[in-house]
Structure formats: C-alpha cells, structure tokens
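Notes for the structure review
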Amino acid sequence: MAECSVCFRHCRIAEGQLGFCGGRIARNGRVEAFNYGRITSLALDPIEKKPLARFFPGSMILSVGSFGCNLRCPFCQNFEISWSEQARSFADTAETATPEELVVLALKTRNRVMFIIAFTYNEPLIGYEFVRDTARLAKAKGLKNVVVTNGTAEPAILEELGPVIDAMNIDLKGFTDRYYSEVLGGDRRQVMAFIEAAAAICHVELTTLVVPDENDSETEIRELSRWVSRLKNPDGEEIPLHLSRFFPRFHMQDRKATDVRTIYRLAEIARENLNYVYPGNC
Ligand code: SF4
C-alpha cells in the first residue's frame, strides 16, 4: 500500500490501483499522476468564463482539462470527465500532450491577446505535477497561469505551485459543513483554509454554485460573504465572489434550474459585505 498526500482523502492505494479520484496510481511503492499529460478538453475561452472578473479582463485564455475528481458533487457540470463511468474511460482514450507542446500552442495563439493558460474542467490539482511542469515553462516564456480548483489539495501542493500560479478561481460551494460532507463528499473547513492560504499567494476569486434547497438561503450567503470580506488578495483588494446558477445535470435532476431572481437577490445580500459580486450563468 502507498499513501497519497495530494488531497484531504489521503488514499491508501494497492500497487497498480487507482486512488479515489481516478487520476493517481500506485506504482513501485509510490503514488504518481496517472493522468499526467492526458488531455480531455482544450479550448480558447474568454477569461470571464473561468470565471475571473478582475484578472486581465478581456483576455482569451487557453483552457486545458484532464480526467478525474476527488469530490462527488451530484450535479457536476463536467461529469463526463470528472467521476462518471465515461470519465473512467478516458484512462484509455484521452489524448496526450507534453508541457512543451501546450506552451508552444499557447504562444502561437498569443497574437489574439491570449497570454494565459488555465488548468480547469476536471479537478486539476489531483494531477498537480502536470500543472507545475507546464506552468513553470509557461512562466519562463512570459505567459501567465490560472488554476480553477475545488480547493481540496493539501497545503504542500499549494506551496509547490505557488511560485508559478498567478490566479485561481476556487469553489466555495456552500457554507455549511452538512452540505460539504453529505452532498459533495468534502470538508468545508479544509476548503476555507485552502482559500486563505491561496489568497496570500496569488489573485483569488471564488465561485458558489447556488443550488435550490441546498445553499440558497439568504442567511447562508450572508454568512459566506461576511467570511469572504475578511480576506484580501495580495494587492490588498477584496476577493471577488461569483454566484452561479445551477442547472439540473448528472445525478441531480430532481429540481429546476436556480431562478435568476434568486441569484440577483442573493447577489444583493452578498453586496452587504462585498463590493465585487458577480451573478453567473444568468
Ligand atoms: S488526489 Fe486522488 S489518490 Fe490522492 S488522496 Fe486525493 S483522491 Fe486519493
């Protein structure tokens, strides 16, 4: 058995087997990234789609995704590559790319005002080695690096990536321990600690997907935004908060999409504590 120390789960993995996330494997007595350089998604997006509202607005961003995830959100909007049966099949079918190839691609499209690479779509930090190696090369070429994460990696991973990551969008999926542990399979306190540590290292923005009857009360968003207001980004600016609409997907089809009016009302509540609040998917 080998222990993985990348995220809060600390999987103990038998030789040749995958960890809970499906992205790491035990080989020769140690755990390594099984999804290293395995690409399932590649797109040019406006940076606002990540979402990042206050980090080089107007830029295009080369977005790269692999497969696997260490949470179990039943409504996952990217379930095809995160934790479904289909996601597991990418172990055989995903394309491969080296860090060098990705950086060359990013440099080629630089003329279109794009100078940023985003590691996104699935949970990128379960394969942090590829993020690290690509981001190092990208930084050396004058590019910037963004990570879109669920904020569940251990502090050592954040420390290792810190010098090469310029911005992060981190999910703060709700503000109750029940929601994190019973619905998502995570740990809210650990995510909060990750956010605090990340905000000391790079530009951070947060996203809360507002799910009807789960995390859509005014009380919860008031408490969440009050906590966020205590944090600051490295430039001393307040941390932006994105409140996004849920759509029924994957294993959560028993309720309708979040009412747009709910998002705008909760955005007003969050603005009691924060200046930068952005409704999303509306
Ligand atoms: S990164 Fe994957 S293998 Fe490692 S502890 Fe987390 S879920 Fe387990």
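Here, every reference points to the structure presented above.
Before going into details, it helps to say that this report is about the structure given with it. (Residues numbered from 1 in each chain as written. Predicted model: local features only at pLDDT ≥ 70, side-chain atom pairs only at ≥ 80, totals over all residues. Heavy atoms only, no water.)

Within the protein, the regular secondary structure consists of 8 helices and 14 strands. Rg of the C-alpha trace for the protein: 18 Å, near the compact-globule value of 19 Å for 282 residues, within the 12% margin. C-alpha extents for the protein along the principal axes are approximately 50 × 45 × 30 Å. The buried share among the 282 residues of the protein stands at 57%. (Helix = DSSP H or I, 4+ residues; strand = E, 2+ residues; numbered from the N terminus. Rg over C-alpha atoms; globule rule 2.2 N^0.38 Å. Buried < 20%, exposed > 50% of the residue type's maximum accessible area, 1.4 Å probe, protein only.)

What follows is about the site of the ligand. Not every one of the 13 residues close to the ligand is listed here, only the nearest: Cys4, Cys7, His10, Cys11 and Cys21. Split into classes, the residues belonging to the shell around the ligand amount to 8 nonpolar, 3 polar and 2 charged. (Near = heavy atom within 4 Å. Nonpolar A, V, L, I, M, F, W, Y, C, P; charged D, E, K, R; others polar.)

What follows deals with the pairing of strand β10 (residues 144–149). A regular strand places its side chains on the two faces of the sheet in alternate fashion. In terms of burial, β10 is a largely internal element, 5 of the 6 residues being buried. Of the pairings in the sheet, the one linking strand β9 (residues 116–119) to β10 comprises 4 bridges and is parallel in character. What sits directly across from Ile117, in β10, is Asn145. The handedness of the β9 to β10 crossover, carried by helix α3 (residues 128–140), is right-handed. Two strands pair when backbone bridges link them, and β10 and strand β11 (residues 167–171) are joined in this way by 4 bridges, in the parallel orientation. Bridging from a neighbouring strand, Thr149 pairs with Ile170 of β11. The handedness of the β10 to β11 crossover, carried by helix α4 (residues 155–161), is right-handed. (Pairing = 2+ DSSP bridges. Right-handed = clockwise from strand over helix to strand, strands pointing away.)

With the rule as written, the count across this model stands at 21 salt bridges. The partner of Arg132 in a salt bridge is Asp133, and the shortest N-O contact between them spans 2.9 Å. Among the residues examined, Arg132 registers a relative accessible area of 16% and is labelled buried. Here Glu214 and Arg255 are joined by a salt bridge, their closest N and O atoms 3.3 Å apart. In this pair, Glu214 sits in the loop between β12 (203–210) and α7 (218–229) while Arg255 sits in the loop between β13 (241–245) and α8 (260–270), placing the two residues 41 residues apart along the sequence. (Salt bridge = Lys/Arg side-chain N within 4 Å of Asp/Glu carboxyl O.)

Turning to α8, a few remarks are in order. Every buried residue of α8 is listed here: Thr262, Ile263, Leu266, Ala267, Ile269 and Ala270. Projected down its long axis, α8 carries its buried residues within an arc of 155°, all on one side. Considering only its buried residues, α8 is in contact with β12, α7, β13 and β14 (277–280). (Arc of directions from axis to C-beta. Contact = heavy atoms within 4.5 Å.)

Every α-helical turn comprises 3.6 residues, leaving residues that sit three or four positions apart pointing alike. Here helix α2 (residues 99–108) has its buried residues at Pro99, Leu102, Val103 and Ala106. Buried residues in α2, looked at end-on, bunch into an arc of 95°, giving them a common side. Buried positions along α2 lie against β5 (38–39), β6 (41–46), β7 (60–65), β9 and α3.

Let us now look at the nonpolar core. Generally speaking, nonpolar side chains in soluble globular proteins are found buried as a group. By size, the foremost hydrophobic cluster in this structure holds 70 residues, and its most contacted members are Phe75, Ile165, Met168, Leu172, Leu206 and Leu243. Ignoring any residue separated from it by four or fewer positions in sequence, one finds Met168 in contact with Leu52, Val147, Thr149, Leu158, Phe194, Ala198, Cys202, His203, Val204 and Glu205. (Core = buried A, V, L, I, M, F, W, Y, C linked by side-chain atoms within 4.5 Å.)

The next thing to look at is the sheet that holds β7. The strand order across the open sheet built from 8 strands is β6-β7-β9-β10-β11-β12-β13-β14, with neighbouring strands paired in mixed fashion. In the strand order of this sheet, the two ends are held by β6 and β14, each with one partner. In this sheet, neighbouring strand axes are inclined to one another by 20° on average, regardless of whether the strands run parallel or antiparallel. Inspection of the sheet shows β11 paired to β12 by 5 bridges, in the parallel sense. When the sheet's bridge partners are listed, Asp171 is paired in β12 with Thr207. Its contacts with the sheet place helix α6 (residues 188–199) against β10, β11 and β12, and it is angled at close to 165° to β11. (Axes fitted to C-alpha atoms, helices over the stretch in contact; angles between N-to-C directions.)

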